[in-house]
Amino acid sequence: MIKVFSAQDFIEVAFWRNYLEQQDISCQIRNEFLGSAVGEVPAIECWPELWIINDNDEAEAYKYLASEPLAEQSLPAWQCVCCGEQSEGQFTDCWNCGESKNEQD
Ligand SMILES: [Zn+2]
């Protein structure tokens, strides 16, 4: 288990989790539920963290993280009709419940 990424914005961490898993890199998010209390600014050690399961994936994970697909896309955010959560435009599925963006209308 190696921590490869951390950000204050959970959506950003969730994006990378989905992205790396699409590349067959197993990973998981830690601190998912910390620092989420309304009105609190979480300390950096409470930020959501992305960890890869297999240490051998480290180099590849960093390669993808360095590619910054977030910056290449500027799709509008959208709201999930299933659970009501907002997802960034680059998500094809709801980060929260997995509902597909394409099925929304
Ligand atoms: Zn949803």
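The paragraphs below set out a description of the structure included in this document. Everything quoted here is computed from the prediction, not taken from an experiment. (Residues numbered from 1 in each chain as written. Predicted model: local features only at pLDDT ≥ 70, side-chain atom pairs only at ≥ 80, totals over all residues. Heavy atoms only, no water.)

Using the criterion set out here, one finds seven aromatic pairs in the structure. Pairing tyrosine 19 with tyrosine 64 gives two aromatic rings, centres 5.8 Å apart and planes at 70°, and the pair type is edge-to-face. With tyrosine 19 in helix α1 (residues 10-22) and tyrosine 64 in helix α2 (residues 58-67), this pair connects stretches of sequence that are 45 residues apart. Take tyrosine 64: its relative accessible area is 15%, and that puts it in the buried class. Cluster of aromatic residues (ring-pair linked, three or more members): Phe5, Phe15, Trp16, Tyr19, Tyr64 and Phe91. A cation over an aromatic ring shows up here: arginine 30 above the ring of tryptophan 51, its NZ or CZ 3.9 Å from the ring centre. (Phe/Tyr/Trp six-rings, centres within 6.5 Å; stacked < 30°, edge-to-face > 60°. Helix = DSSP H or I, 4+ residues; strand = E, 2+ residues; numbered from the N terminus. Buried < 20%, exposed > 50% of the residue type's maximum accessible area, 1.4 Å probe, protein only. Lys NZ or Arg CZ within 6 Å of the ring centre and 35° of its normal.)

It is worth spelling out the side chain of glutamate 49 at this point. Topologically, glutamate 49 is positioned in strand β3 (residues 49-52). In this structure, glutamate 49 is in contact with Lys3, Phe5, Ser6, Val13, Gln28, Ile29, Arg30 and Asn31, ignoring residues within four places of it in sequence. (Contact = heavy atoms within 4.5 Å.)

Let us look at the packing of α1 against α2. One way to put it is that α1 packs onto α2 with a least axis distance of 11 Å and a crossing angle of 125°. In this view, α1 runs oblique relative to α2, as classed from their interaxial angle. The chirality of how α1 crosses α2 is right-handed. Across from Trp16, Tyr19 and Leu20 in α1, the residues of α2 making contact are Ala61, Tyr64, Leu65 and Ser67. A class-by-class count of the residues in the contact of α1 with α2 yields six nonpolar, one polar and no charged. (Axes fitted to C-alpha atoms, helices over the stretch in contact; angles between N-to-C directions. Parallel < 35°, antiparallel > 145°, perpendicular 65-115°, else oblique. Left-handed = near helix turned anticlockwise from the far one by under 90°. Nonpolar A, V, L, I, M, F, W, Y, C, P; charged D, E, K, R; others polar.)

On the basis of which strands lie adjacent, the open sheet formed by three strands has the order β1-β3-β2 and antiparallel pairing. Every interior strand has two partners, whereas the edge strands, β1 (2-6) and β2 (27-30), have only one. Sheet twist, expressed as the average angle between the axes of neighbouring strands with direction ignored, equals 30°. Together, β1, β2 and β3 form the strand contacts of α1, whose direction differs from that of β2 by roughly 165°. Lying on the sheet, α2 is in contact with β1 and β3; it crosses β1 at an angle near 5°. (Pairing = 2+ DSSP bridges.)

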